[in-house]
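Chain by chain, the residues:
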Amino acid sequence: MELANIIVAVVAAVLSLVSIIFSIYTYSKALIHDRKQATLDAYLLLQDSALDSLNHIGIAELKEILKEPRSSRYKDVSGYVARIEHFCVGVNTGIYDKQTVYALAHGYLDMGVMNTRIVLILDRKKEMAGKEYYENIRAVIKWMKEKNKE
C-alpha cells in the first residue's frame, strides 16, 4: 500500500511539473503575441496621427515651415515629431517588438522621403535648441539602418 502511495505521489508531482511548464510556455507565448499586437496597434495609430500628415508635406514646403518656429504649421510638425518620438521610446525600451517595427517601417522611417523629412525636422530642432531632444527617433533610425546592412 505504501508503494502505491509513493507511485501516486510521484505521478502527481510529474503531472504538476508538466502543468507548470505548459502554463509558463503558454503565458510567455501570450506575452509575445500581445507585445506584437500592441506594436501593430501603436504603429497604426502613429501612421494615422503623424506619419500620414507628415507624408503630405513636400520637402520644399517642409523647409519653409521649419523657418517659422512660431507658425501653426511648425507646431503641427512638432506634434508629429513628438508622436514619432513617443513611439520610438516604446521601441527602445522594449514595450514594442523591434522585429515587428522593422517589418512595418523598414524602408519608410529609415530611408527615403519620410526619413529625409524626419531628419530635416530633427536637425532644425537641434539647431534651434543647441542639443538633441529626439534621441529615440535617431536611435531607431540608426538601428534600422544597421539591421539593413546585416
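This text goes with the structure placed above it.
Below: a short report on this structure.

With that out of the way, let us pick up the packing of helix 4 (residues 98–105) against helix 6 (residues 135–149). With their axes 11 Å apart at the nearest point, helix 4 and helix 6 run at an angle of 80° to one another. Here helix 4 is positioned roughly perpendicular relative to helix 6, judged by the angle of their axes. Contacts between helix 4 and helix 6 involve Lys98, Gln99, Val101, Tyr102 and Ala105 on the former and, on the latter, Trp143, Met144, Lys147 and Asn148.

Further remarks concern the side chain of Glu85. Here Glu85 shows up in helix 3 (residues 72–92). Although Glu85 lies buried, it forms no salt bridge, and the closest oppositely charged side chain, Arg138, sits 8.5 Å away as judged by the N-O distance. Leaving out residues up to four positions away in the same chain, Glu85 has contacts with Tyr133, Tyr134, Glu135, Asn136 and Ile137.

Looking now at the packing of helix 1 (residues 2–55) against helix 3. A pair of packed helices is characterised by two quantities: the angle between their axes and the separation of those axes. One way to put it is that helix 1 packs onto helix 3 with a least axis distance of 9 Å and a crossing angle of 160°. The orientation of helix 1 with respect to helix 3, classified from their angle, is roughly antiparallel. In the crossing of helix 1 with helix 3, the sense of the turn from one axis to the other is left-handed. Mapping the contact onto sequence places Thr39, Ala42, Tyr43, Leu46, Ser49, Ala50, Leu51, Ser53 and Leu54 in helix 1 and Tyr80, Arg83, Ile84 and Phe87 in helix 3. Broken down by class, the residue content of the contact of helix 1 with helix 3 amounts to 9 nonpolar, 3 polar and 1 charged.

Moving on, we get to the environment of Leu46. With respect to the helices, strands and loops of the structure, Leu46 is situated in helix 1. Residue Leu46 is classed as buried on the basis of its relative accessible area, which comes to 3%. A C-alpha to C-alpha distance of 22 Å links Leu46 and Lys63, two positions 17 residues apart in sequence. With residues up to four places along the chain from it excluded, the contact list for Leu46 reads Leu51, Arg83, Ile84 and Phe87.

What counts, and where the lines are drawn
- Residues numbered from 1 in each chain as written.
- Predicted model: local features only at pLDDT ≥ 70, side-chain atom pairs only at ≥ 80, totals over all residues.
- Heavy atoms only, no water.
- Axes fitted to C-alpha atoms, helices over the stretch in contact; angles between N-to-C directions.
- Helix = DSSP H or I, 4+ residues; strand = E, 2+ residues; numbered from the N terminus.
- Parallel < 35°, antiparallel > 145°, perpendicular 65-115°, else oblique.
- Contact = heavy atoms within 4.5 Å.
- Buried < 20%, exposed > 50% of the residue type's maximum accessible area, 1.4 Å probe, protein only.
- Lys, Arg positive; Asp, Glu negative; His and termini not counted.
- Salt bridge = Lys/Arg side-chain N within 4 Å of Asp/Glu carboxyl O.
- Left-handed = near helix turned anticlockwise from the far one by under 90°.
- Nonpolar A, V, L, I, M, F, W, Y, C, P; charged D, E, K, R; others polar.

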